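# Structure assessment
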Amino acid sequence: MAKLTPPNWEPPYPAYVSDIGETLTVSLTAVQASDRAVAAESFTALTGLLDGAAGLLHSEQVRFVDGQGCHNDVAISYWAEAGDLARWRSSPTVAAFLGAEHRPGLGLWLEAMSAPRDHFEINNSTLAIDWGVSRHHGTREDPVHGYYGAMRDRIAAAEDGGLASPLGRLGRPRQAETLGRHLRVPLPANLCFIRTVQGWLGASDEERDYFLENTYPVYQAGVTFLQDHPLETNCITARLVHDVAEGPGLPQSETLAWFLSLNDLENWVWNHPTHASIFNAMGDHAARFNWDISVLLGHEVLVVPEGALQAEYHNCHNSTGFLRFFEAREI
């Protein structure tokens, strides 16, 4: 068993992993606008550029309103290879769209990452998975879960404290003017990304109602804490988003979050009362339904090597993504 697994460990409930043997490449491509209609129109144009892209496995669409009241529509896209994403981004039509001066009040942003197999892990509550990269791979039950440290145990390169950040703490938020500028943010190695999902349309009426009334609000409170306390948690950004597509095998809600390191994500998971509340609420939920739950839960965690993360923002406010804490350069 993995190093941090408790002796004689038997998980209290099943969980599933994906049989992926190669690099995982994901991009978040988004529009940002204070006007809902402007965001929707521009996002249609953006997703049109993704349609039929060589090497694109699939895209999922989510949306959220950020702390500045802007509508952000996001395409979460999975690619066969990092080179496919790079070629799409540098193609003349995409480069022209991302670099063009669009209507006032419209911003565009891109956060694109690749991680080798020993830098990421995936965990799900169901065997059949219709979201994320697992849509394209087989899944199997895995006993390495349900205890503190399981996430690190599932990331091979994180063994013995590996994948540490070269930075100790986030600095104070920056106040640079970013509107009207096309910026790229150079970033350090080993930033940690987590996409964590929740879906309730496939659950029974009783379980769905219990989840939405008792369990999900505790989860929301934890994400809100991360959003409001970046310097305490080293959480760079935590976006609580809602999915556009509907279906029993799809998430209805998810969080897209960046931490300074895997260790910082672990610190919140292991040590903070907001996550302890989430852990206890899910335990109560599972016990209520005899550890046979049908609510969709899962996550993807990537620790991104140096040079494998691109962050680009055009006419976005200065609290967008990495702009809040890192120096940006003109493109």
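Shown above is the structure to which this text applies.
Below: a short report on this structure. Quick caveat: nothing in here was measured; it's all calculated off a predicted structure.

### Observations concerning the overall build of the chain
A count of helical and extended segments in the chain gives eight helices and 14 strands. Against the globule reference of 20 Å for 331 residues, the chain gives a C-alpha radius of gyration of 19 Å, in line with a compact fold. Expressed along its principal axes, the backbone C-alpha trace of the chain runs to roughly 60 × 45 × 35 Å. Taken over 331 residues, the chain has a buried fraction of 53%. Considering only contacts in the chain between residues 6 or more positions apart, those separated by 24 or more positions represent 80%. A total accessible area of about 14,200 Å² is found for the chain, and carbon and sulfur atoms account for 51% of it.

### Overview of the packing of helix H7 (residues 262-271) against helix H8 (residues 273-288)
For any two helices packed against each other, one specifies the crossing angle of their axes together with the interaxial distance. Contact pair H7 / H8: the axes reach a minimum separation of 6 Å and the direction vectors enclose 65°. Where H7 abuts H8, its residues Trp268, Val269 and Asn271 lie against Pro273, Thr274, His275 and Ile278. Grouping the amino acids of the contact of H7 with H8 by side-chain chemistry returns four nonpolar, three polar and no charged.

### Quick word on unusual backbone geometry
Notably, asparagine 290 is not glycine yet its phi reads approximately 55°, a positive angle. Positionally, asparagine 290 belongs in the loop between H8 and strand E12 (296-304). Look at asparagine 290 and you get exposed, because its relative accessible area is 66%.

### Quick look at the layout of surface pockets
Over the atoms rolls a probe the size of a water molecule, and in doing so it shows where empty space is left. Here the largest pocket is characterised by a volume of approximately 1,200 Å³. Contributing to the lining of the largest pocket are 47 residues, with Tyr13, Asn123, His275, Phe279 and His299 lying nearest its centre. Where the lining of the largest pocket is concerned, the elements lending two or more residues are strand E6 (120-124), helix H4 (150-153), strand E9 (191-199), helix H5 (205-228), strand E11 (253-259), H7, H8 and E12. Partitioned by chemical class, the residues of the lining of the largest pocket number 29 nonpolar, 14 polar and four charged. Here the second largest pocket defines a volume of roughly 420 Å³. Secondary-structure elements contributing two or more residues to the lining of the second largest pocket are strand E3 (56-65), H5 and strand E10 (235-243). Take the lining of the second largest pocket: its biggest share by element is six residues, from E10.

### A word on the pattern of salt bridges
Tallied over the full model, the rule gives 14 salt bridges. Here glutamate 312 and arginine 184 are joined by a salt bridge, their closest N and O atoms 3.8 Å apart. In this pair, glutamate 312 is assigned in strand E13 (residues 309-314) and arginine 184 in strand E8 (residues 182-184), connecting sequence segments 128 residues apart. The salt bridge partner of glutamate 254 is arginine 195, with a shortest N-O separation of 2.5 Å. Of this pair, glutamate 254 sits in strand E11 while arginine 195 sits in strand E9, and the two are 59 residues apart along the sequence. Take glutamate 254 and arginine 195: they sit in the same class, and that class is buried. Within this structure, Glu60, Arg195 and Glu254 form a network of salt bridges that share partners.

### A short note on the side chain of threonine 126
Its location among the elements puts threonine 126 in the loop between E6 and strand E7 (139-141). Here the side chain of threonine 126 touches alanine 128 through a polar contact of 3.0 Å, landing on its backbone oxygen.

### As for H7
Residues Leu262, Asp264, Leu265, Glu266, Trp268 and Val269 constitute the buried set of H7. Looking at where H7 begins, the residue whose side-chain oxygen comes 3.3 Å from the main-chain nitrogen of asparagine 263 is serine 261.

### Things to note about empty space enclosed by the protein
If you walk through the whole model with that rule in mind, you get one cavity of 30 Å³ or more. Of the volumes computed, that of the largest cavity is approximately 40 Å³. The wall of the largest cavity is formed by Leu98, Leu108, Trp109, Leu110, His182, Glu312, Tyr313 and His314. Elements represented by at least two residues in the lining of the largest cavity include exactly strand E5 (106-115) and E13. Residue classes in the lining of the largest cavity are distributed as five nonpolar, two polar and one charged.

### Describing the packing of aromatic side chains
Enumeration over the complete set of coordinates arrives at twelve aromatic pairs. Note on tryptophan 200 and phenylalanine 211: the rings are 5.9 Å apart at their centroids and 35° apart in plane angle, and the pair reads as tilted. You can see tryptophan 200 sitting in the loop between E9 and H5 and its partner phenylalanine 211 sitting in helix H5, a full eleven residues away along the chain. Here the aromatic cluster, defined as three or more aromatic residues joined through ring pairs, consists of Phe193, Trp258, Phe322 and Phe326. Lying across the ring of phenylalanine 120, arginine 117 places its NZ or CZ 4.4 Å from the centre.

Cut-offs applied
- Residues numbered from 1 in each chain as written.
- Predicted model: local features only at pLDDT ≥ 70, side-chain atom pairs only at ≥ 80, totals over all residues.
- Heavy atoms only, no water.
- Helix = DSSP H or I, 4+ residues; strand = E, 2+ residues; numbered from the N terminus.
- Rg over C-alpha atoms; globule rule 2.2 N^0.38 Å.
- Buried < 20%, exposed > 50% of the residue type's maximum accessible area, 1.4 Å probe, protein only.
- Contact = heavy atoms within 4.5 Å.
- Areas by Shrake-Rupley, 256 points an atom, 1.4 Å probe, with all protein chains shown as cover.
- Axes fitted to C-alpha atoms, helices over the stretch in contact; angles between N-to-C directions.
- Nonpolar A, V, L, I, M, F, W, Y, C, P; charged D, E, K, R; others polar.
- 1 Å grid on protein atoms, 1.4 Å probe; cavity = no way out; pocket = protein on both sides within 12 Å on 5 of 7 lines; lining within 4 Å.
- Points joined across faces, edges and corners; volume = space filled by probe spheres on them.
- Salt bridge = Lys/Arg side-chain N within 4 Å of Asp/Glu carboxyl O.
- Polar contact = N/O pair within 3.5 Å; in protein donor to acceptor, adjacent residues only side chain to side chain.
- Phe/Tyr/Trp six-rings, centres within 6.5 Å; stacked < 30°, edge-to-face > 60°.
- Lys NZ or Arg CZ within 6 Å of the ring centre and 35° of its normal.

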